[in-house]
Amino acid sequence: MAATNALILERLEDVGVPLIPQVARHLIEAGGKRIRPLLALAAGAITGAPESGTRLLAAAVEFIHSATLLHDDVVDESRQRRGRPSAPAAFGNKAAVLVGDALFARAFEMMVATGSLPALGTLATASATIARGEVAQLAALGHLNTSWAAYVEIIDAKTAALFAAACKAPALLAKSPHADALAAYGRALGLAFQVADDVLDYEGGLGKEPGDDFREGKVTAPVLLALEGREDRGFWARALGNIGALPEALERLECVGALDAARARALAYAHEAQGALAPLPTSPLKDALLALAPYAAGRG
């Protein structure tokens, strides 16, 4: 990971336009757990992929993720990211959008440099899927009739697709027979991670300020599960988007057990992720991936 971080910083600095590394560093150096590139590195090590190619893919995954965060903060009008001013707040929307585009382009340069068309295709498809998921989420804002299946389709696209691709691309680079199993692991892990993240939006924690999704009118796992329990639809129609109603919303979610139900769904996805690894031979890295799944579902 240290070598991958060095590669990330190197590829930020050699673009010839100082504003690009300045904005990107503001986001990338703010922290984050680097779960996606770590998944790529683990998948590459498990399947015997070349280290240099695996690092390129891991760095590309982090650039794709960072690009989506820059764009998300513009779309969501977020003022904070990882406990500090967001890039749009610090540099303006125009800089955030254009640097996000630059990071996407840089990611594709690194993907091409691996010389693996299957790995490139996997990450390219994931990038297109993420964009589709973000648009689908935008179209679903405030729609209380969103089904659980429609919600999963959205988070599958906007979050789980990159987890899956991060796990699969290095395995394809290695021409491993375990590429599909690793992709299935990554997808289920991404779903667990996102449902847990939706719970954190109401409870806070891990550096996440509560209420961002609520303020933006996003109908996420806790709200959907509350509505399944015949929770007052009229309240949610009035409350979503009104940050002042967050304390009552949290009280209602706790009263009907919606937060616990969402945690249970996240844990079920974590168990699905663990099951997907069954075809892989036993190894310390496999054990680490198995342990990561319930962590992603709990995030606490």
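Heads up: these notes are all about the structure in this document. (Residues numbered from 1 in each chain as written. Predicted model: local features only at pLDDT ≥ 70, side-chain atom pairs only at ≥ 80, totals over all residues. Heavy atoms only, no water.)

## A look at the nonpolar core
In step 1: Of all hydrophobic cores here, the largest spans 98 residues; its most connected members are Leu 39, Leu 123, Tyr 185, Leu 189, Tyr 202, Phe 214 and Trp 236.
In step 2: Top element by residues in this core is helix α8 (residues 148-173). It accounts for 13 residues. (Core = buried A, V, L, I, M, F, W, Y, C linked by side-chain atoms within 4.5 Å. Buried < 20%, exposed > 50% of the residue type's maximum accessible area, 1.4 Å probe, protein only. Helix = DSSP H or I, 4+ residues; strand = E, 2+ residues; numbered from the N terminus.)

## Some words on a nonpolar patch on the surface
In step 1: A cluster of nonpolar side chains, contributed by Val 75, Leu 138 and Leu 141, occupies part of the molecular surface with about 260 Å² of accessible area.
In step 2: Within the element layout of this structure, Val 75 appears in helix α4 (residues 51-75). (Patch = residues over 30% accessible without salt bridge, like charges linked within 9 Å, V, L, I, M, F, W, Y side chains within 5 Å. Areas by Shrake-Rupley, 256 points an atom, 1.4 Å probe, with all protein chains shown as cover. Salt bridge = Lys/Arg side-chain N within 4 Å of Asp/Glu carboxyl O.)

## Concerning the pattern of salt bridges
In step 1: Under the defined criterion, the tally for this structure stands at 17 salt bridges.
In step 2: In this structure, Asp 212 and Arg 215 form a salt bridge, with 3.6 Å as the shortest nitrogen-oxygen distance. Linking Asp 212 with Arg 215, this pair stays in helix α10 (residues 212-216), spanning 3 residues, or about one helical turn.
In step 3: A residue is classified by how much of its surface remains accessible, and Arg 215, at 31% relative accessible area, is partly exposed.

## A short note on the packing of helix α14 (residues 258-276) against helix α15 (residues 284-298)
In step 1: In contact at an axis separation of 8 Å, α14 and α15 are set at 165° when each is read in the N-to-C sense. When the axis of α14 is compared with that of α15, the two are roughly antiparallel. In this structure, the crossing between α14 and α15 has a hand that is right-handed. On α15, the residues that touch Ala 266, Leu 267, Ala 270, Ala 273 and Gln 274 of α14 are Leu 290, Ala 293, Pro 294 and Ala 297.
In step 2: Here the contact of α14 with α15 is built from residues that sort into 8 nonpolar, 1 polar and no charged. (Axes fitted to C-alpha atoms, helices over the stretch in contact; angles between N-to-C directions. Parallel < 35°, antiparallel > 145°, perpendicular 65-115°, else oblique. Left-handed = near helix turned anticlockwise from the far one by under 90°. Contact = heavy atoms within 4.5 Å. Nonpolar A, V, L, I, M, F, W, Y, C, P; charged D, E, K, R; others polar.)

## A look at unusual backbone geometry
In step 1: Even without being a glycine, Glu 77 presents a positive backbone phi close to 55°.
In step 2: Tracing the backbone through its elements, the reader meets Glu 77 in the loop between α4 and β1 (80-81).
In step 3: Despite not being glycine, Lys 175 shows a phi value in the positive range, around 55°.
In step 4: Inspection of the secondary structure assignment puts Lys 175 in the loop between α8 and α9 (179-203).

## Description of the packing of aromatic side chains
In step 1: By the definition in use, this model includes 5 aromatic pairs.
In step 2: Arg 265 extends its terminal NZ or CZ atom over the ring of Trp 148, reaching a point 4.5 Å from the ring centre. (Phe/Tyr/Trp six-rings, centres within 6.5 Å; stacked < 30°, edge-to-face > 60°. Lys NZ or Arg CZ within 6 Å of the ring centre and 35° of its normal.)

## Quick notes on helix α11 (residues 221-228)
In step 1: The element α11 is largely enclosed, with a buried count of 7 among its 8 residues.
In step 2: Within the span of α11, buried status applies to Ala 221, Pro 222, Val 223, Leu 224, Leu 225, Ala 226 and Leu 227.
In step 3: Packed against the buried residues of α11 are α8, α9, α12 (233-239), α13 (246-255) and α14.
In step 4: Once α11 finishes, Arg 230 follows within two positions and takes phi at roughly 65°, a positive value.

## Focus: the side chain of Gln 137
In step 1: Here Gln 137 lies in helix α7 (residues 117-139).
In step 2: What Gln 137 contacts, discounting residues up to four positions off in sequence, is Ile 154, Lys 158 and Lys 218.

## So, the packing of α11 against α14
In step 1: Across the interface, α11 lies against α14 with an axial gap of 8 Å and an inter-helix angle of 115°. Remark: the crossing between α11 and α14 carries right-handed chirality. Counted together, Ala 221, Pro 222, Leu 225, Ala 226 and Glu 228 of α11 and Ala 258, Leu 259, Ala 261, Ala 262 and Arg 265 of α14 form the full contact between these two elements.
In step 2: Tallied by class, residues from the contact of α11 with α14 come to 8 nonpolar, no polar and 2 charged.

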